[in-house]
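Each chain is listed here by its residues.
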Amino acid sequence: MRHSFISPRPKRLISGELRLVLFFFIVTIMMLVGTYLFLQYKTYAFVYERESVSQKQSALNKAINEMEERIILIEAEVKTADLVTTENTVMKESIRNLFDLVPDDITLDKAELDASSLILYGMTPNKDTYEYMLHAPLRSIFHRTYTSFYPIENGWYRFVSSNYLDEDTAEEIQ
């Protein structure tokens, strides 16, 4: 006896709707696993890149410190060079002024210039020429001046003139 108007269809263990649901679950799980694997890869890449950047940063910091030390050293050398140049210029001007101070009649053999003293060795035709032409300007510059004369055969005089600044004035000049 047959009560159905249609022929029976074979029953399947998994129906079409269940197959569709399972398909979407599997696709969703695969997407989640793919996202998880992608995030793991990106995390690993980020950690590796962070370590690389950290190493570069420490190398750059070390290079910066070395450069700063070199800059400090170079600045100190520049200051020293400027000081030496300034002292040389002042010394040159002092020597030029000293030789401008010596009149044509007086001949200098030797001059010893120190921070607080000047010692001149030379010849003069007579003591008066020395007194009025060279000794007077030296007295206006130095606090203490001493001169010794020695006669030579041609009638001229050899002299040694020692001129000194007081210590407090010498410190002010330097």
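Along each chain, numbering runs from 1 in the same order as the chain's sequence is written. The predicted nature of this model means local features are confined to residues of pLDDT at least 70 and side-chain atom pairs, given and counted, to a pLDDT of 80 or more, with totals for whole chains, interfaces and linings taken over all residues. As a rule here, side-chain values come from all non-hydrogen atoms in the structure, and water together with hydrogens is ignored.

Q: I'm lost on the sheet that holds strand β2 (residues 117–124) in this one. Help?
A: Paired through backbone hydrogen bonds, the strands of a sheet run either parallel or antiparallel to each other. At least two bridges found by DSSP between two strands is the condition for calling them paired. Strands here mean DSSP runs of E at least two residues long; helices mean DSSP runs of H or I at least four residues long; both are numbered from the N terminus. Read across the open sheet, the 4 strands follow the order β1-β2-β4-β3; overall the sheet is antiparallel. Two strands in the sheet have a free side with no partner beyond their single neighbour: β1 (107–113) and β3 (144–151). For this sheet, the mean inter-axis angle between neighbouring strands, taken without regard to orientation, is 10 degrees. Taken together, the 8 bridges between β3 and strand β4 (residues 157–164) define a ladder with antiparallel strand orientation. Within the sheet, the bridge partner assigned to Tyr146 lies in β4 and is Ser162. Contacts are assigned to residue pairs that have any heavy atoms within 4.5 Å of one another. Axes, fitted as lines to C-alpha atoms, cover a helix only where it is in contact. Angles between the N-to-C directions of the axes lie from 0 to 180 degrees. Contacting β1 and β2, helix α1 (residues 16–101) crosses the sheet at an angle of about 150 degrees to β1.

Q: Whenever I open this one, a nonpolar patch on the surface confuses me. Can you help?
A: Note on patches: the residues involved have over 30% relative accessible area and no salt bridge, like charges join within 9 Å, and the nonpolar side chains Val, Leu, Ile, Met, Phe, Trp and Tyr join within 5 Å. For the accessible areas, the method is Shrake-Rupley and the probe is 1.4 Å, while residue cover comes only from the protein chains on display. Here, a salt bridge means any side-chain nitrogen of Lys or Arg that lies within 4 Å of a carboxyl oxygen of Asp or Glu. Among the surface-exposed residues, Leu13, Ile14, Leu18, Val21, Leu22, Phe25, Ile26 and Met30 lie close enough to one another that they form a single nonpolar patch of about 820 Å² accessible area. Position of Met30 relative to the elements: it lies in helix α1.

Q: Just checking my understanding: could you explain the nonpolar core for this structure?
A: Nonpolar side chains in soluble globular proteins generally cluster together in the buried interior. Counting residues in each nonpolar core, the largest one holds 12 residues, listed as Leu98, Val102, Ile106, Leu118, Leu120, Tyr130, Leu134, Leu138, Phe142, Phe149, Phe159 and Leu165. Only β2 and α2 (127–141) provide two or more residues apiece to this core. Among the elements that make up this core, the one with the highest residue count is α2 (3 residues). The term nonpolar core refers to a set of buried residues drawn from Ala, Val, Leu, Ile, Met, Phe, Trp, Tyr and Cys, joined through side-chain atoms within 4.5 Å. Here the term buried applies to any residue with accessible area under 20% of the maximum for its type, exposed to any over 50%, and partly exposed to those in between, with areas from a 1.4 Å probe on protein chains only.

Q: I would appreciate a short explanation of the side chain of Asn163 in the present structure.
A: Tracing the backbone through its elements, the reader meets Asn163 in strand β4. N or O atoms closer than or at 3.5 Å make up a polar contact, with two conditions inside protein: a donor-capable atom paired with an acceptor-capable one, and, for residues adjacent in sequence, both atoms drawn from side chains. Reaching out from Asn163, the side chain makes a polar contact with the side chain of Ser161 at a distance of 3.1 Å. Filtering out sequence-adjacent residues up to four positions away, Asn163 remains in contact with Ser116, Ser117, Leu118, Leu138, Phe142, Arg144 and Thr145.

Q: Explain the environment of Ala63 to me, please; I cannot follow it from the model alone.
A: Within the element layout of this structure, Ala63 appears in helix α1. Sequence spacing of Ala63 and Phe149 is 86 residues, and the spatial spacing of their C-alpha atoms is 67 Å.

Q: I tried to follow the packing of aromatic side chains on my own but got confused; where do I start?
A: For any pair of aromatic rings, the description rests on two quantities: the centre-to-centre distance and the angle between the ring planes. Working definition: a ring pair exists when centres of Phe, Tyr or Trp rings (six-membered ring for Trp) sit within 6.5 Å. Plane angles under 30 degrees give stacked, over 60 give edge-to-face, the rest tilted. Evaluated as defined, the whole model comprises 5 aromatic pairs. Geometrically, the ring pair formed by Tyr130 and Phe149 is edge-to-face, given 5.3 Å between the ring centres and 85 degrees between the ring planes. Taken together, the residues Tyr130 in helix α2 and Phe149 in strand β3 connect sequence positions 19 residues apart. No difference in accessibility class separates Tyr130 from Phe149, as the two residues are buried. Look at Tyr146 and Tyr164: their rings are 6.3 Å apart centre to centre, the planes differ by 55 degrees, and that puts the pair in the tilted class. With Tyr146 in strand β3 and Tyr164 in strand β4, this residue pair connects regions lying 18 residues apart in the sequence.

Function cannot be read off these values alone, since they describe shape.
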